[in-house]
Amino acid sequence: MENKILVEISARHVHLSERDLETLFGAGHKLTPKKYLSQPGQFASEEKVTVVGQKGELKFSVLGPVRSKTQVEVSLTEARNLGITVPVRESGDLAGSTGIKLVGPAGSIEISEGVIAAKRHIHLTPADAEKFGLKDKEEVCVKVDSERGVVFCNTVVRVSPSYAAAMHIDTDEANSAGLTGSINGEIVK
């Protein structure tokens, strides 16, 4: 059986709620797609925000479309550079996570929670999950061959008809394996 999966690097980014988008960029503002991503309907926008922590600040790309809650995804190194401690969580699991200040061209907001380091994960459609013999929320390991080859364990499988097959790791994880761009990994249980 073919167990190869596309591995993509997910750099730091922000997902904004409609209300927070308008506070940061002005009433009625809509995100301007710059580049469409591998997940259907997802895009990197032209818009950027400044994320301000206790020790520093960094510019973040805003991904679209808007979400029900604002979420900031950082690597653990970026969290340290900002002077914050963040939990490693699945996207959307924000309860009790870290808060931070976001600054845009029209205003700023302070979120009381919503900053996480995204847990590495694999997006699969139900058909892909069946092909790989995997279930939603199952955890697997993914072997990546590179000059600094690694096996990424504790990789959560996320299954939805709205997904496209791809694994997402953050920049710290990519750097540890010496990866740039996209590469194929092998799912091992």
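Residues numbered from 1 in each chain as written. Predicted model: local features only at pLDDT ≥ 70, side-chain atom pairs only at ≥ 80, totals over all residues. Heavy atoms only, no water.

### Brief notes about the overall build of the protein chain
Step number 1: Scanning the protein chain for helices and strands turns up four helices and 14 strands.
Step number 2: Taken against the 2.2 N^0.38 rule, which gives 16 Å for 189 residues, the C-alpha radius of gyration of the protein chain at 17 Å falls within 12% of a compact globule.
Step number 3: With the C-alpha coordinates of the protein chain rotated into their principal frame, the extents come out at 50 × 35 × 30 Å.
Step number 4: The buried share of the protein chain, taken over its 189 residues, is 47%.
Step number 5: Partitioning the intrachain contacts of the protein chain with sequence separation of at least 6 by distance along the chain shows that 65% fall at a separation of at least 24.
Step number 6: Only carbon and sulfur atoms are counted for the fraction: they give 49% of the accessible area of the protein chain, which is about 9300 Å². (Helix = DSSP H or I, 4+ residues; strand = E, 2+ residues; numbered from the N terminus. Rg over C-alpha atoms; globule rule 2.2 N^0.38 Å. Buried < 20%, exposed > 50% of the residue type's maximum accessible area, 1.4 Å probe, protein only. Contact = heavy atoms within 4.5 Å. Areas by Shrake-Rupley, 256 points an atom, 1.4 Å probe, with all protein chains shown as cover.)

### A few points about unusual backbone geometry
Step number 1: A cis amide bond, omega 5 degrees, links Gly 64 with the succeeding residue Pro 65.
Step number 2: Of note, Pro 65 is situated in strand β5 (residues 57-67).
Step number 3: Despite not being glycine, Lys 137 has its phi angle at roughly 75 degrees, a positive value.
Step number 4: Following the sequence through the fold, Lys 137 ends up in the loop between α3 (126-132) and β11 (139-144).
Step number 5: At Asn 154, a position not held by glycine, the phi torsion is positive, near 60 degrees.

### As for the nonpolar core
Step number 1: Counting residues in each nonpolar core, the largest one holds 23 residues, and the members touching the most others are Val 51, Val 72, Ile 100 and Leu 102.
Step number 2: Every element with two or more residues in this core is listed here: β2 (13-17), α1 (18-25), β4 (43-52), β5, α2 (76-82), β8 (98-103) and β9 (108-118).
Step number 3: Counting 18 residues, the second-largest nonpolar core is a separate cluster that includes Ile 5, Val 7, Ala 129 and Ala 177. (Core = buried A, V, L, I, M, F, W, Y, C linked by side-chain atoms within 4.5 Å.)

### Topic: the sheet that holds strand β13 (residues 166-170)
Step number 1: Here six strands make up a closed barrel; going around it, the order is β1-β13-β10-β12-β11-β14 and the pairing mixed. The average undirected angle you get between the axes of adjacent strands in this sheet is 40 degrees.
Step number 2: By the bridge criterion, four bridges tie strand β1 (residues 4-10) to β13 in an arrangement that is parallel. Bridging across to β13, Ser 10 finds its partner in Asp 170. (Pairing = 2+ DSSP bridges. Axes fitted to C-alpha atoms, helices over the stretch in contact; angles between N-to-C directions.)

### Thoughts on the pairing of strand β14 (residues 183-188)
Step number 1: Alignment of β1 against β14, held across four bridges, turns out to be antiparallel. Following the sheet pairing, Val 7 is matched in β14 by Ile 183.
Step number 2: Pairing of β11 with β14, which is carried by three bridges, proceeds in the antiparallel orientation. Bridged to Cys 141 within β14 is Val 188.

### Regarding the state of the cysteines
Step number 1: Under the definition given, this model contains one disulfide.
Step number 2: One disulfide in the model links Cys 141 with Cys 153; its S-S distance is 2.2 Å. Around the S-S axis, the bridge from Cys 141 to Cys 153 shows a dihedral of about 110 degrees and counts as right-handed. With Cys 141 in strand β11 and Cys 153 in strand β12 (residues 150-159), this pair connects stretches of sequence that are twelve residues apart. (Disulfide = S-S within 2.5 Å.)

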